[in-house]
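# Structural characterization, general
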Amino acid sequence: MKIWRQFFFGVIFVLAATQGGCGGGGGGGTPPPPPEKTYAISGTISAAAYTAMDSDVNDPAAPYAPNDDFDQAQPVGNPVAIGGYVNQPGNGPFGRSSRIGDVSDFYKVTLAANQTITLSIGEADLQSNDIDIFLYDEGRGDEDSSQGSAKTKSITVKKPGTYYIEVAICTDCPAGASNYTLTIGFNFATASTMAGTLRLGDDFVPGDIVVQFKDDNRSLNSASAASRAQTLGLTAKAGDVGRPMLLSLGDAQQRSRMRSALGIAATEDAATSSQLKRETIQAIKALRRRADVAYAEPNYIRTATAIPNDESYPRQWHYPLINLPQAWDITSNIPAGSKQVIVAVIDTGVLPDHPDLQGQFVPGYDFIKDPTSALDGDGIDSNADDPGDQGPTGSSFHGTHVAGTIAATTNNTSGVAGVAWGAKVMPLRALGKLGGASYDILQAVRYAAGLINDSGRVPDKPADIINLSLGGSGYSQAEQDVFSQARKQNMIIVAAAGNEASSTAFYPASYAGVISVSAVDAAKNLAYYSNYGANIDVAAPGGDSRKDINGDGFPDGILSTRGDDTERRKDSTAPIQYTYSFLQGTSMATPHVAGVIALMKAVNSKLTPDWVDTQLINGKLTQDIGDSGRDDKYGHGLIDASKAVVAAQEAAPTPTLITSPSMLNFGLTSTEIDLAVGSIGGAVTVYAPTGDATWLSVTEKSVDSSTKLGVYTVKVDRSSLAVGAYSATLTFTSSANTVALRVTLQVGTPGAATSPDAGYHYVLLIDPATGEVMKQATVGVDASGQYRYSVTGVAAGTYQVIAGSDSNNNQIICDPGEACGSYLTLEQPKLVTITDSGLGGIDFTTGFDTSLRANLSVRTQQSGLRRITKVKGRTWQR
């Protein structure tokens, strides 16, 4: 929210009145009207807890204390949200620092391990400004930094101690002035907001830079990589013009040339690895500002995660697309645990002796009744091996490909990886030459679910999931009934949406209770062949073999296990060759989803079809691609293995003890906090809580006498503690599980400010009809963190009361990085009306908006008295 405050230039104009010289004579005329009665509006504005203000902002009216270096570092509490302002000399609105500059703000704070420091600037300031944060230890040595063009940057503290934090505007940038918000103890950073961030603590090669130049500078495109790097004072180590290049800062003499070429301020030579990393970041930032650079970034060092060692895994682009490596990394025990999960693959049968599938099956069945379709010389039997469907260009071995995607043997240094390689496949043969009959497929479904079927048998253990990479047109009540019965047996059924590029209903995917899967290509776009429409539930990689988007030299199909009977068609005694092939289709997408659900069932065997449906609808299992929310191309989004596994882990229906909040930070002044202790998934009994620090205690406040669930009061005693940050663990043990809460507090330097301070404030009365600022008062914070204000000379009428700081002195309050508040609240403002007396008790709260959300904005311009009012993004000009 922005509100223009009144700004008086302090210039007095004296107008000389001249009298006409004729005659003189008496006065006369109408007497002046009596003066208008005016009143006062008063109240108290309370600064939000744990707020602090940069002590040298640009507003000349605000209190001032320089915090420009280590010696002047401003002490702050923890946790805290600080509003501040920095600018280069000669930049920013006119004010205290506009001429001389305020390039750095230093803060001194005591931190606990794993706390997060987060810097945020607004979108408007982001356009031309670059503000970074640097962390130094108590000895003033480099500890970490977070730099770059992102609007949000963060540092996580690795060990407890006293630190210096520097907020600095880029001194090598062409211009710069900006407000900011610095938070400590609250982690607001996300992957999307952290893009472009350069952190000193990240693991990268000091002195190396990966650069991609743009292609619009033809005179330089013809230059060699070496000469292009040389013009920047850098050395080319690898790559070439037209593709990413690896450049080096070189030795001390070359780094001096680099600083000159890139316009980086001279510094002492980098003598340590940390100093060289800092210089690398400075060079990257300078390169990013060049018009001919597409991107510049560190040469990051990566370490292994749970990545399979199968030789063809690098060609399985479709697994990283759905965050499978992250899922495997999060739950490294999944392959072993998922051995109890069974996925029924109703298809053409399998090649059980394929080297990447040996040992991955439980007994299956062949339900093809017609021997001419079965091509194995008999009808229903217990042999689900695939003899081949003998198509015009050879057999498809479709079921083997599907089975490999779900559960191919993995980490055997050869072949491919499976999504849930610890799961088992139940092969159920129902597709033969030219497809399969509906009745045969239904018998396979019944068998998988443990229902009576034409084989006269049921499996020792029914399947958990059914994969149906098959289908066709035409609704069948018999099919719907069987799928409904299977679902009642706790079966999760996944089916292909079809490959007709049509919205026509395709079965069984379109039946109630069946998860319908559309296909995407390597760019996460709907595959050109994939069906779409109202019945689509989820998307998964199906590939597009026409393309090679990743440039690996192979088509972007789905790589999995397969067979080749080319030689056998020539010689009936020749064996089937075991191969790996790229195929495309919704048939290939479906086993990705079935495999992910197998991983989910591995970590939580009690998952139900209803639960999976609910989580799918709520976006807990997918990446939202396409239109926001559900759409007809991708359903509820692209399956995300990492999110799905996490959701399954969190969904355990067993009774679990929980606390709210999940951690306690007493900051500098708090002495007690109430803690709610409850349970989910059923009742639990709580035993006596324990703390591991003498300064920590807990008492019952309002708890159930039998279960001991309820509200506890946690207290801390600082009386015997020295200045510093302290951390302890409060443990609640129950009949179900144990919860350990982290408890932190700080003991500040005697005499240091401990009350909240949201900066010097302007209190404005706004005419709600016009948005005009009618009256204004100024007020500073008192020792208790409150602003006691009174706006006088107010005429009778209706007003909105808004208050805020103006750190950058641009005559607008409530910019990002500035405090803001309104009566009753910003979210629910309430108008006040004066009739024949003043108003008191107009109290509200002010603070910094760390979410950077768009708020109400009111602006008044002195020139021409033109008013502009913005409310929730809409603009009216009056």
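Residues numbered from 1 in each chain as written. Predicted model: local features only at pLDDT ≥ 70, side-chain atom pairs only at ≥ 80, totals over all residues. Heavy atoms only, no water.

## Description of the overall build of the protein chain
Each helix and strand counted, the protein chain has 15 helices and 47 strands in total. Taking contacts inside the protein chain between residues at least 6 apart in sequence as the whole, the part at least 24 apart equals 70%. Carbon together with sulfur atoms contributes 51% to the accessible area of the protein chain, which is approximately 38100 Å² in total. (Helix = DSSP H or I, 4+ residues; strand = E, 2+ residues; numbered from the N terminus. Contact = heavy atoms within 4.5 Å. Areas by Shrake-Rupley, 256 points an atom, 1.4 Å probe, with all protein chains shown as cover.)

## A closer look at empty space enclosed by the protein
With the rule as written, the count across this model stands at 2 cavities of 30 Å³ or more. Taken as a whole, the largest cavity spans an internal volume of roughly 50 Å³. Elements that contribute at least two residues to the lining of the largest cavity include exactly helix H13 (586-603) and helix H14 (609-617). Residue contributions to the lining of the largest cavity peak at 3 residues, all from H13. Across the lining of the largest cavity, the residue classes tally to 9 nonpolar, no polar and no charged. Taken as a whole, the second largest cavity encloses approximately 30 Å³ of empty space. As for the second largest cavity, its lining consists of Leu135, Glu143, Asp144, Ile155, Thr156, Val157 and Lys158. Of all elements in the fold, only strand S9 (142-148) and strand S10 (152-156) reach the threshold of two or more residues within the lining of the second largest cavity. (1 Å grid on protein atoms, 1.4 Å probe; cavity = no way out; pocket = protein on both sides within 12 Å on 5 of 7 lines; lining within 4 Å. Points joined across faces, edges and corners; volume = space filled by probe spheres on them. Nonpolar A, V, L, I, M, F, W, Y, C, P; charged D, E, K, R; others polar.)

## Comments concerning the nonpolar core
The biggest cluster of nonpolar side chains holds 59 residues, and the ones touching the most others in it are Ile465 and Met600. For isoleucine 465, the residues in contact, after removing those within four places along its chain, are Val341, Ile342, Val343, Ala344, Met491, Ile492, Val494, Ala594, Ile597, Ala598 and Lys601. Grouped together as the second largest cluster of nonpolar side chains are 38 residues, Tyr762, Val763, Tyr787 and Ile813 included. (Core = buried A, V, L, I, M, F, W, Y, C linked by side-chain atoms within 4.5 Å. Buried < 20%, exposed > 50% of the residue type's maximum accessible area, 1.4 Å probe, protein only.)

## Remarks on the pattern of salt bridges
Counted by the stated rule, this structure contains 21 salt bridges. Ionic pairing is found between lysine 461 and aspartate 464, a salt bridge with its closest N-O pair at 3.3 Å. In this structure, arginine 630 engages aspartate 632 in a salt bridge whose closest nitrogen and oxygen atoms are separated by 2.8 Å. Classification of arginine 630 as partly exposed rests on a relative accessible area of 33%. With relative accessibility at 37%, the residue aspartate 632 sits in the partly exposed group. (Salt bridge = Lys/Arg side-chain N within 4 Å of Asp/Glu carboxyl O.)

## Overview of the packing of aromatic side chains
Across all of its chains, the model carries 20 aromatic pairs by this definition. Relative to tyrosine 762, the ring of tyrosine 760 has its centre 5.6 Å away and its plane inclined at 90°; by these criteria the two rings are edge-to-face. In this structure an aromatic cluster arises from ring pairing among Phe70, Phe106, Tyr136 and Tyr164. Its end group placed over the ring of phenylalanine 213, arginine 228 keeps NZ or CZ at 3.9 Å from the ring centre. The ring of phenylalanine 204 is capped by lysine 277, whose NZ or CZ atom sits 4.7 Å from the centre of that ring. (Phe/Tyr/Trp six-rings, centres within 6.5 Å; stacked < 30°, edge-to-face > 60°. Lys NZ or Arg CZ within 6 Å of the ring centre and 35° of its normal.)

## Structural notes on the side chain of aspartate 130
Inspection of the secondary structure puts aspartate 130 in the loop between helix H1 (123-126) and strand S8 (131-136). Residue class for aspartate 130 comes out buried when judged on its relative accessible area of 10%. Excluding anything up to four places from it in sequence, aspartate 130 contacts Gly148, Lys153, Ala168, Ile169, Cys170, Cys173 and Lys285.

## Concerning the confidence of the model for the protein chain
Of the residues in the protein chain, 84% reach a pLDDT of 70 or more, and the chain-wide mean stands at 83. Ranking the helices and strands of the protein chain by mean pLDDT puts strand S21 (residues 465-468) first, with 98, and strand S47 (residues 874-877) last, with 20. Confidence drops under pLDDT 50 across residues 333-338; counting only partners more than four residues distant or on other chains, this segment forms 12 contacts. (pLDDT = per-residue confidence, 0-100.)

## Some thoughts on the packing of helix H10 (residues 438-448) against helix H11 (residues 477-488)
In the contact formed by H10 and H11, the axes pass within 10 Å of each other and the chain directions differ by 10°. Here H11 runs roughly parallel to H10, going by the angle between their axes. Counting all contacts with H10, which are made through Ser438, Leu442, Val445 and Arg446, the residues of H11 involved are Ala478, Glu479, Val482, Phe483, Gln485 and Ala486. In terms of residue class, the contact of H10 with H11 is built from 6 nonpolar, 2 polar and 2 charged. (Axes fitted to C-alpha atoms, helices over the stretch in contact; angles between N-to-C directions. Parallel < 35°, antiparallel > 145°, perpendicular 65-115°, else oblique.)

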